Each structure stands twice: as C-alpha cells, then as structure tokens.
Amino acid sequence: MRVHYLAMAAIVAGLIIGCGGDKTSGESGTSNSAEGKKLKFAVIPKGTTHEFWKSIHAGAEDAATELGVEIAWKGPLKEDDREAQQTVVENFVQEGVSGIVLAPLDDKALVKPVEEAVSSNIPVVIIDSDLQTDKYASFVATDNYKGGQIAGEEVIKLLGGKGDVIMMRYQEGSASTMNREKGFVDAIKKAPGIKLISDNQYGGATTETAQKTGENLIAAYKNADGSLKAQAIYCPNESTTFGMLRALQDNKLAGKVKFVGFDSSAKLIEALGKGEINGLVVQNPYKMGYEGVKTLYNSIKGEKVEKKVDTGATLATKENMETEEIKKLLNPKKI
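The following paragraphs examine the structure supplied in this document. (Residues numbered from 1 in each chain as written. Predicted model: local features only at pLDDT ≥ 70, side-chain atom pairs only at ≥ 80, totals over all residues. Heavy atoms only, no water.)

### Considerations on the sheet that holds strand β6 (residues 163-169)
One open sheet accounts for six strands, arranged β7-β6-β8-β9-β10-β12; its pairing is mixed. Looking at which strands have only one partner, the edges of the open sheet turn out to be β7 (194-202) and β12 (314-316). Each neighbouring strand pair of the sheet contributes to a mean axis angle of 20 degrees, computed without reference to strand direction. By the bridge criterion, three bridges tie β6 to strand β8 (residues 232-234) in an arrangement that is parallel. Bridging across to β8, Ile-166 finds its partner in Ile-233. Where helix α5 (residues 144-159) meets the sheet, it contacts β6, β7, β8, β9 (258-262), β10 (279-282) and β12, and its direction lies at approximately 170 degrees from that of β9. Its contacts with the sheet place helix α7 (residues 207-220) against β6 and β7, and it is angled at close to 150 degrees to β6. (Pairing = 2+ DSSP bridges. Helix = DSSP H or I, 4+ residues; strand = E, 2+ residues; numbered from the N terminus. Axes fitted to C-alpha atoms, helices over the stretch in contact; angles between N-to-C directions. Contact = heavy atoms within 4.5 Å.)

### A word on the pairing of strand β5 (residues 138-141)
Side chains Ser-138 and Val-140 project from β5 onto one buried face, and the interleaved Phe-139 and Ala-141 project onto a second face that is buried too. In the sheet, strand β4 (residues 124-127) pairs with β5 via three bridges, with the strands oriented parallel. Within β5, the position partnered with Ile-127 by the bridge is Val-140. The sheet contact formed by β5 and strand β11 (residues 308-310) spans three bridges and is parallel. Following the sheet pairing, Phe-139 is matched in β11 by Lys-308. (Buried < 20%, exposed > 50% of the residue type's maximum accessible area, 1.4 Å probe, protein only.)

### Overview of the packing of α5 against helix α6 (residues 175-188)
Here α5 crosses α6 at 40 degrees, and the two axes come no closer than 6 Å. Classified by the angle between their axes, α5 and α6 sit oblique to one another. When you trace α5 past α6, the crossing you get is right-handed. Contacts between α5 and α6 pair Asn-144, Tyr-145, Gly-148, Gln-149, Ala-151, Gly-152, Glu-153, Val-155 and Ile-156 from the former with Ser-176, Asn-179, Arg-180, Lys-182, Gly-183, Phe-184, Asp-186, Ala-187 and Ile-188 from the latter. Across the contact of α5 with α6, the residue classes break down as seven nonpolar, seven polar and four charged. (Parallel < 35°, antiparallel > 145°, perpendicular 65-115°, else oblique. Left-handed = near helix turned anticlockwise from the far one by under 90°. Nonpolar A, V, L, I, M, F, W, Y, C, P; charged D, E, K, R; others polar.)

### With respect to the sheet that holds strand β2 (residues 70-73)
With respect to topology, six strands assemble into an open sheet ordered β2-β1-β3-β4-β5-β11, the strand pairing being parallel. Every interior strand has two partners, whereas the edge strands, β2 and β11, have only one. In this sheet, neighbouring strand axes are inclined to one another by 20 degrees on average, regardless of whether the strands run parallel or antiparallel. Together, β3 (99-102) and β4 form the strand contacts of helix α4 (residues 111-119), whose direction differs from that of β4 by roughly 150 degrees.

### Side note on α7
Here α7 contains 14 residues, and its C-alpha end-to-end distance of 20 Å stays within 8% of the 20 Å for a straight helix at 1.5 Å per residue. Taken residue by residue, α7 has Thr-207, Ala-210, Gln-211, Thr-213, Gly-214, Leu-217 and Ile-218 as its buried positions. Viewed end-on, α7 has its buried residues packed into an arc of 165 degrees, placing them on one side of the element. Looking at α7, the residues exposed on the side facing more than 90 degrees away from the buried face are Glu-208, Lys-212, Ala-219 and Ala-220. Taken together, the buried residues of α7 touch β6, β7 and α8 (238-250). (Expected span 1.5 Å × (residues − 1). Arc of directions from axis to C-beta.)

Structure, rendered in structure tokens:
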C-alpha cells in the first residue's frame, strides 16, 4: 500500500508541475518577461490627427507584432495639449506598463513625468522630439537641425542666392520644430544675398491656426499689385506647411512664390506635383515608430542600445517625387 500511495503522489505532483508549466509558457509556448506575462508598451504621440502620427503608429504596431509585445496607443487630440499628454504618461505609469515610447509635446513640461516613470522602473524611449533630461534609454528621431539645413539650402538654390524669405514657425517648446527652424536660419545666414524678413510668427498646432497666421503674414507683406514682397517661404511641419499652402491658394499666390515645407500628406504631395510647393523635407515616421518600439524592447532585454538613433531626412521635389525611394517616404504605411 505504501508503494501504491507513493506512486499516486508522484503522478499528482507531475500533473501539478505540468499545469504550472502551461501557465507560464503563454499561448505561444514562450514568455518575454520573467513573470511569464506579455510585455505591454505605451506609445504616446504628440497628437493623433496628423498623417505623420498615423505612420508612426503603423511602424510601432509592426514592430510589436514582430517582437510579440502588446502596444497601447494613446495621445492628446491636439498637439498643444501638454497637460493631456502629461496625464496620459502618468496614467500609464500607474498602470505599470513595461515601457513607454514617447514623442514629448514640450521639451520641459514632460521631463518630470518621464523621470517619474524611470524611477518607477519603467524605461522610456523618446521619439521625434528631444527632452531636457538624459534619463531616457534612447532618442530615436530625425536629425531635425539637419532637416532644417536641407530646407535652407534648397531655398538658397531656388532663389539663386538672392531674395527675401518668410519663415512661419510652429510653436514654442516643440524641440523638433525648433531645431528645424534653427537649422534653416543658420543655413540662410550663409547666403548674404538672402534676407529673412519675418521669423517670429507661430502657426500653432492645427492647420486652421496655421492658415490664419499665414493669411496675416501675406497681408502684412503684400505689395499693392497683389504680389508678395518675399520670394520664398519656409514652414517646419505638416500643419504649418498645409496652413500656409491654403493661405497662398486663397490669395492666388500658390506657385508664384518659392515654398519649401516639412512632412507629407495627400494634399501636400498634390501641391508638390503641381508646383505650388517646391520642396518637402520628408522624414521616415514609419521607421521612427518601428525603431522606437524595437529599441525599447532591446533595452528591456538588457542589450546595448544607441543613445541616439537618426531615422533620416530627405528632400522631395517635383523632379524626384516619382522615384521609388521618394515615393515610399511621401506615402509611408499608415494606420
């Protein structure tokens, strides 16, 4: 009898161990965390309406699928709602997500939430726009200063080194666009024949506010015959570029003044093909979202990651927009 009971105990123990093994293996039979739980990453954009963020979302989702992690995508509706983005970060920290990929709306306002996340053992990867702290694992973004320089050099080329230029800024506190503006201004300074006649007006976070600022600038610099005193215009992101395009179209000036912008959308690509926009500095938002998630994953796994990852910036023009390379950048995958 004693042998019989021992045999039965061994069988029961084996069953218990087997069930325990099934619980920790997960549906796929493997686990990507010490507790056997699926890693969950919060991906927080600056906003959710612009085409740029939809492409970042697609890249993040593809990386998550490849790596077997879960993505929670959430951000403020408008790109000027700092408090809403701070709250999103804080809520994800309280939830205890495995990590955060963040495109900070403000290089100062989001420092405290990010540092609190890191102190709670939640690693953070910053994408798109830099932050005034070094507590994050990596910064995955366009070299925005270089992108601004590319735009400035194209304006110099378009004007033959002579003329007046208007730059409509985006909004204060946005590190990415501030660097694009600085890069542009520094490039223009190298051409003594070019004068920046306006560089202190902000388009704001929406196409509507940017269009209003654009119309005000046109009214302030319009000649008696309806022409513009400036021979070229530069805008540093999708919303300011589209807002200015609308203002130029409404004033019958589209195509009559050299115009270089940043980012792409269906309407901007159409205007590029028609010659209403002369150049678009395009980023690689899909790659930014993909590399942001992948870098966070590698960091959590203990692998060495680069502190800064450049995802590239390229000039699209009417002449090169049909090449395979540029077409992919102008029309990145979106969600």
